[in-house]
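Survey of secondary and tertiary structure
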Amino acid sequence: MDELFQNKYRIRSARATWCNYNEGVYFVTICTKDKCHYFGEIIDEEMTYSSVGKRAVECVAEISDYYPQVVVVGSVVMPNHVHLVLIIKNDLPVSSSAEESCKSSSLSSIIGNFKASVTRFAHRQRIPFSWQSRYHDHIIRKQEELSKIMDYVLNNVHRWSQDRYKD
């Protein structure tokens, strides 16, 4: 691991070496570049989506269509980021047509395809849009941890509104 990226940087993977990311329960946060509010704004404790935000919501809903072995158990699209709670079960039977369309159901493939779909939409509409280059993931191993994360995700819009008015 002594190689440098572009002769400048040493970027170590943030991934757990003991996990293959092909099955399990994950909490994922994906941010927009420079935290720009591409997805809309929160007004009166409700998320008002831009066209890119509406597409991001649609893409979240379509994840299980493209990856039948993935269940989205929680999600929220915020002004400048997306939270997902995903369960990946690779022990489910997969039809041959679905198998062809989703050769890899690793977490990185799922997130990469999600990000690409939102980006393609924005670019087709000539809407300036960019993601942060990476994403944050957390492996959920306990039910109590899942419950806390689900509460966080489901109340994120309300919490965001409250944080804005604390000053």
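Basis of the calculations
Residues numbered from 1 in each chain as written. Predicted model: local features only at pLDDT ≥ 70, side-chain atom pairs only at ≥ 80, totals over all residues. Heavy atoms only, no water. Helix = DSSP H or I, 4+ residues; strand = E, 2+ residues; numbered from the N terminus. Buried < 20%, exposed > 50% of the residue type's maximum accessible area, 1.4 Å probe, protein only. Contact = heavy atoms within 4.5 Å. Areas by Shrake-Rupley, 256 points an atom, 1.4 Å probe, with all protein chains shown as cover. Phe/Tyr/Trp six-rings, centres within 6.5 Å; stacked < 30°, edge-to-face > 60°. Pairing = 2+ DSSP bridges. Axes fitted to C-alpha atoms, helices over the stretch in contact; angles between N-to-C directions. Left-handed = near helix turned anticlockwise from the far one by under 90°. Nonpolar A, V, L, I, M, F, W, Y, C, P; charged D, E, K, R; others polar.

Some words on the overall build of the protein
Within the protein, the secondary structure is distributed over five helices and six strands. Looking at the protein residue by residue over its 167 residues, the buried ones come to 39%. Looking at the protein alone, contacts between residues at least 24 apart form 67% of all its contacts between residues at least 6 apart. Only carbon and sulfur atoms are counted for the fraction: they give 49% of the accessible area of the protein, which is about 10,600 Å².

Focus on the packing of aromatic side chains
Enumeration according to the criterion identifies six aromatic pairs in this entry. Consider the rings of Phe129 and Trp131, whose centres lie 5.1 Å apart with planes at 85°: the pair is edge-to-face. On the accessibility criterion, Phe129 (7% relative accessible area) is buried. Trp131 gets classed as buried once you look at its relative accessible area, which sits at 9%. Among the aromatic residues, those joined into a ring-pair cluster are Tyr38, Phe39, Phe114, Phe129 and Trp131.

Some thoughts on the pairing of strand β3 (residues 46-49)
In summary, the side chains of a regular strand alternate between the two faces of the sheet. As paired elements, strand β2 (residues 40-43) and β3 share four bridges and run antiparallel to each other. Its bridge partner lying in β3, Gly40 is registered against Tyr49. The hairpin formed by β2 and β3 contains two residues between the paired strands, and Asp44 there has a positive phi angle of roughly 50°.

Quick notes on the packing of helix α1 (residues 51-66) against helix α3 (residues 107-124)
At their nearest, the axes of α1 and α3 sit 9 Å apart, and the two run at 145° to each other. Of the two elements, α1 crosses α3, and the hand of that crossing is right-handed. Facing Ser51, Val52, Arg55, Ala56, Cys59, Val60 and Ile63 of α1, the residues of α3 in contact are Ile110, Phe114, Ser117, Val118, Phe121 and Ala122. Here the residues of the contact of α1 with α3 sort into 10 nonpolar, two polar and one charged.

Points about the sheet that holds strand β5 (residues 81-88)
With respect to topology, four strands assemble into an open sheet ordered β4-β5-β1-β6, the strand pairing being antiparallel. Strands at the two margins of the open sheet, each flanked by one partner only, are β4 (70-77) and β6 (136-140). Pairwise comparison of adjacent strand axes, ignoring direction, gives a mean angle of 15° for this sheet. Across seven bridges, the pairing between β4 and β5 is antiparallel. Looking at the pairing, Ser75 lines up with Leu84 of β5. Against the sheet, α1 touches β4 and β5, its axis set at about 165° to β4. Docked against the sheet, α3 engages β1 (24-31), β4, β5 and β6, running at close to 140° with respect to β5.

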